[in-house]
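A look at the structure
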Amino acid sequence: MIAILGTGKMGEALLSGLLRAGFKPGDVLATARRTERAKDLEERYGVRTVSNAEAAKSADTIILAVKPQDMASLLGEIAPHVPADLLVISAAAGITTSFVESRLGADIPVVRVMSNTPVLVDEAMSVISAGAHASEEHLKRTEDLLRPVGKVLRIPESQQDAATALSGSGPAYFFYLVEAMVDAGILLGMPRAAALDMVTQSIVGAAIMLRDSGEHPVILREAVTSPGGTTIAAIAELERHSVRAAFLAAIEAARNRGRELAEG
Ligand SMILES: NC(=O)C1=CN([C@@H]2O[C@H](COP(=O)(O)OP(=O)(O)OC[C@H]3O[C@@H](n4cnc5c(N)ncnc54)[C@H](OP(=O)(O)O)[C@@H]3O)[C@@H](O)[C@H]2O)C=CC1
Ligand SMILES: O=C(O)[C@@H]1CCC=N1
């Protein structure tokens, strides 16, 4: 039995992924803070919603998907009910495995995960790190849960905040880029729907080329950039506006914010 504690945007994305991967609604428990949210999840997915305490008692794996700011109180609530062999998967930004271990006590196996919302289309990037008491078997179980909804990579926990900034938040940067490019289309007099289609298909095509060609992004970009042509005119402007430096600073700020979240 798997339980998702805190079934909001990310928890629901993971829940739907588990069901698509073949879990039966009867094998999955969910918890939510508001009763109307719980009812909604029961109606849409057919899963049972229970209290956090009951979820911790009944499941062999729990996925913690509350906001980092709510983690301490959730852990306090479930600590008296957690069996020693429960696998605890924490999906919250910034929250370390030692934070979870210190509140759930003793030798509890904890795996930290940072996934992203493309879980919803089985194209997530999930990175996982073992806590002090998580074994190879616990990592394998976590990978088996996440692999059906995308790619899974093991990383040292020291890199988790950086991964959160890159791939956890990553989809938001691409949506932001699409918004900006569609605005540019509007500026040039293009209808909004057509602009969105063109930009979306360009980003999908570029993403698939990146993933499947094995080529370095510089090579792929150079292949688009004709001497004296249109692309280099655009890139000259991006450079003039320090877009690369803005990405470096933005992703560093996200990493730093992740560290702050751990402090509560
Ligand atoms: N959104 C994203 O792209 C990603 C999010 N994450 C991580 O996932 C976690 C959740 O984020 P997100 O889904 O965006 O946030 P949401 O606010 O959508 O989800 C959090 C959910 O937890 C519920 N909740 C809070 N406290 C409790 C409690 N004590 N018992 C039961 N349920 C509770 C909330 O209920 P209610 O709605 O009633 O307040 C809410 O539904 C965060 O830790 C975030 O760092 C990780 C990667 C990507
Ligand atoms: O913005 C956030 O804090 C969460 C973590 C990664 C993506 N969303």
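Residues numbered from 1 in each chain as written. Chains lettered and ligands numbered in written order. Predicted model: local features only at pLDDT ≥ 70, side-chain atom pairs only at ≥ 80, totals over all residues. Heavy atoms only, no water.

Named according to an unreviewed UniProt entry, the chain is Pyrroline-5-carboxylate reductase originating from Streptosporangium subroseum. One UniProt comment on the chain, placed under Subcellular location (unreviewed entry), says "Cytoplasm". According to the UniProt record, the Sequence similarities (unreviewed entry) comment for the chain reads "Belongs to the pyrroline-5-carboxylate reductase family." (UniProt positions renumbered as here; feature names shortened; annotations may be inferred.)

By nearness alone, every residue bordering ligand 2 is listed as A93, T164, G168 and S169. Summarising the interface, the protein chains cover 47% of the accessible area of ligand 2, which totals 240 Å² for the free molecule. Taken together, the residues of the shell around ligand 2 break down into one nonpolar, three polar and no charged. (Near = heavy atom within 4 Å. Areas by Shrake-Rupley, 256 points an atom, 1.4 Å probe, with all protein chains shown as cover. Nonpolar A, V, L, I, M, F, W, Y, C, P; charged D, E, K, R; others polar.)

Split into domains, the chain comes out as domain 1 (2-156) and domain 2 (170-262). The distance between the C-alpha centroids of domain 1 and domain 2 comes to 32 Å. Between domain 1 and domain 2, the residue contacts involve nine residues of the former and six residues of the latter. Remark: the boundary between domain 1 and domain 2 carries one salt bridge. The salt bridge partner of E123 is R211, with a shortest N-O separation of 3.3 Å. Put simply, domain 1 and domain 2 have one residue pair in polar contact (both at pLDDT 80 or more) between them. A per-class count over the side of domain 1 that touches domain 2 returns four nonpolar, four polar and one charged. (Domains from an automatic or database assignment. Contact = heavy atoms within 4.5 Å. Salt bridge = Lys/Arg side-chain N within 4 Å of Asp/Glu carboxyl O. Polar contact = N/O pair within 3.5 Å; in protein donor to acceptor, adjacent residues only side chain to side chain.)

Attention now goes to the packing of helix α8 (residues 170-187) against helix α9 (residues 192-213). One can describe the packing of α8 onto α9 by two numbers: an axis separation of 9 Å at closest approach and a directional angle of 135°. The angle between α8 and α9 falls in the class oblique. Between α8 and α9 lies a crossing whose hand is right-handed. Taking contact as the criterion, the partners of F174, V178, M181, V182, D183, G185 and I186 in α8 are, on α9, R192, A195, L196, V199 and I203. Across the contact of α8 with α9, the residue classes break down as nine nonpolar, one polar and two charged. (Axes fitted to C-alpha atoms, helices over the stretch in contact; angles between N-to-C directions. Helix = DSSP H or I, 4+ residues; strand = E, 2+ residues; numbered from the N terminus. Parallel < 35°, antiparallel > 145°, perpendicular 65-115°, else oblique. Left-handed = near helix turned anticlockwise from the far one by under 90°.)

So, on to the nonpolar core. In this structure, I4, L15, V47, I63, V111 and I128 are the most contacted members of the largest nonpolar core, which totals 28 residues. Counting residues per element, the ones that place at least two in this core are β1 (2-5), α1 (9-20), β2 (28-31), α2 (35-45), β5 (87-90), β6 (110-114), β7 (124-130) and α6 (136-146). Leaving out residues up to four positions away in the same chain, I4 has contacts with G11, L14, L15, L18, L29, A30, T31, I63 and A65. In terms of nonpolar packing, the next biggest core, distinct from the first, is built from 24 residues, M71, L75, V82 and L104 among them. (Core = buried A, V, L, I, M, F, W, Y, C linked by side-chain atoms within 4.5 Å. Buried < 20%, exposed > 50% of the residue type's maximum accessible area, 1.4 Å probe, protein only.)

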